[in-house]
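# Analysis of the macromolecular model
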Amino acid sequence: MAPIYDCSVDSELLTGMRLARAAIGRGELVVIPTDTVYGVAADAFDPAAVQRLLDAKGRGRQSPPPVLIPGIPTLDALAQSVPQAVRDLVAEFWPGGLTIVVPAQPSLAWDLGETRGTVALRMPSDTIALELLSETGPLAVSSANLTGRPSAHTAAEAEAMLGDSVAVYLDGGEAGAGYEGHGAADSSSTIVDATALAAGVGPLRILRHGVITEEQLRAVVGDQLAATETAAGETTT
């Protein structure tokens, strides 16, 4: 059975982080806490590791994982273009529960699945996740559950579903608690598609409602957010 490290205990935090970094470097999977739900993480630039992530969840290449990043400068490194409205949103809601879909830099040497030249990016508000990201670089991270099952809010829930397909579990306590009472459908991140705005052919669109509400988004970007949203998609982090 893969170990679970209680990150509230200093010795386990140090050991767990060291082993998590090593596992990512070997192309293995690690479960990490985020501010929304627990995520299963892989090196975003290792296609075999990303495929291992998809296989562990029972998910196809048509559902590529989002990428978690350690800071706003990484947004500019990974996105081909970043509209001002997106900059306004990340200034307001990062780190936090907002995922932004933008055109990806065409020169990036990665294979996340069938992305159609886009990438979904988020900077999480969790000290353990951010510390790991600062040392590993961008990580492909999807919710730490089997496809079709509820999102994991604890490391134990993630382990019960993913088992030995994951090398290391980092336990940071209950995920999503900070968003209770915000009126969100669940504690998953809100996903906003900025690709049409970046191309100059349309507004921002909400792909999935989550912890950041439409009202909060509209307070920042106004009518640059489309009035009609698409249906919710597969749960990510």
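Refer to the structure printed above.
Residues numbered from 1 in each chain as written. Predicted model: local features only at pLDDT ≥ 70, side-chain atom pairs only at ≥ 80, totals over all residues. Heavy atoms only, no water.

Turning next to the sheet that holds strand S5 (residues 98-103). Taken in spatial order, the 10 strands make up an open sheet running S1-S8-S2-S3-S7-S4-S6-S5-S9-S10, and their pairing is mixed. Edge positions in the open sheet fall to strand S1 (4-6) and strand S10 (205-208), since each of these has one partner strand only. Across three bridges, S1 lies against strand S8 (residues 168-171) in parallel orientation. When the bridges of S8 are listed, Tyr5 appears paired with Leu170. Against the sheet, helix H2 (residues 47-57) contacts strand S3 (39-43) and strand S7 (139-143), and its axis sits at roughly 155° relative to S3. (Pairing = 2+ DSSP bridges. Helix = DSSP H or I, 4+ residues; strand = E, 2+ residues; numbered from the N terminus. Contact = heavy atoms within 4.5 Å. Axes fitted to C-alpha atoms, helices over the stretch in contact; angles between N-to-C directions.)

Okay, the packing of helix H4 (residues 84-93) against helix H8 (residues 214-221) next. At their nearest, the axes of H4 and H8 sit 9 Å apart, and the two run at 125° to each other. In terms of orientation, H4 lies oblique with respect to H8. At the point where H4 passes H8, the crossing takes the right-handed sense. The residues of H8 that touch H4, namely those facing Ala85, Asp88, Leu89, Glu92 and Phe93, are Gln216, Leu217, Val220 and Val221. Residue classes in the contact of H4 with H8 are distributed as six nonpolar, one polar and two charged. (Parallel < 35°, antiparallel > 145°, perpendicular 65-115°, else oblique. Left-handed = near helix turned anticlockwise from the far one by under 90°. Nonpolar A, V, L, I, M, F, W, Y, C, P; charged D, E, K, R; others polar.)

Right, let's talk about unusual backbone geometry for a bit. The omega torsion across Trp94 and Pro95 is -10°, close enough to zero to call that bond cis. Inspection of the secondary structure puts Pro95 in the loop between H4 and S5. Although it is not a glycine, Arg116 sits at a positive phi angle of roughly 55°. Looking at the element boundaries, Arg116 is found in the loop between S5 and strand S6 (118-122). For Arg116, a relative accessible area of 80% gives the class exposed. (Buried < 20%, exposed > 50% of the residue type's maximum accessible area, 1.4 Å probe, protein only.)

In terms of residue burial, S6 counts as a mostly covered element, since four of its five residues are buried. The pairing of strand S4 (residues 67-68) with S6 spans two bridges and is parallel. The partner of Leu68 across the bridge, within S6, is Arg122. Inspection of the sheet shows S5 paired to S6 by four bridges, in the antiparallel sense. Along S6, the bridge assignment pairs Ile100 with Leu121.

Think of two packed helices as two axes; the pair is described by the angle between the axes and how far apart they sit. The interhelical angle for the contact between helix H1 (residues 10-25) and helix H5 (residues 127-136), taken along N-to-C directions, is 45°, at an axis separation of 11 Å. Taken together, the axes of H1 and H5 lie oblique to each other. The way H1 lies across H5 gives a crossing that is right-handed. Residues Met17, Ala20, Arg21 and Ile24 of H1 pack against Ile128, Glu131, Leu132, Glu135 and Thr136 of H5. Of the residues belonging to the contact of H1 with H5, the class tally is five nonpolar, one polar and three charged.

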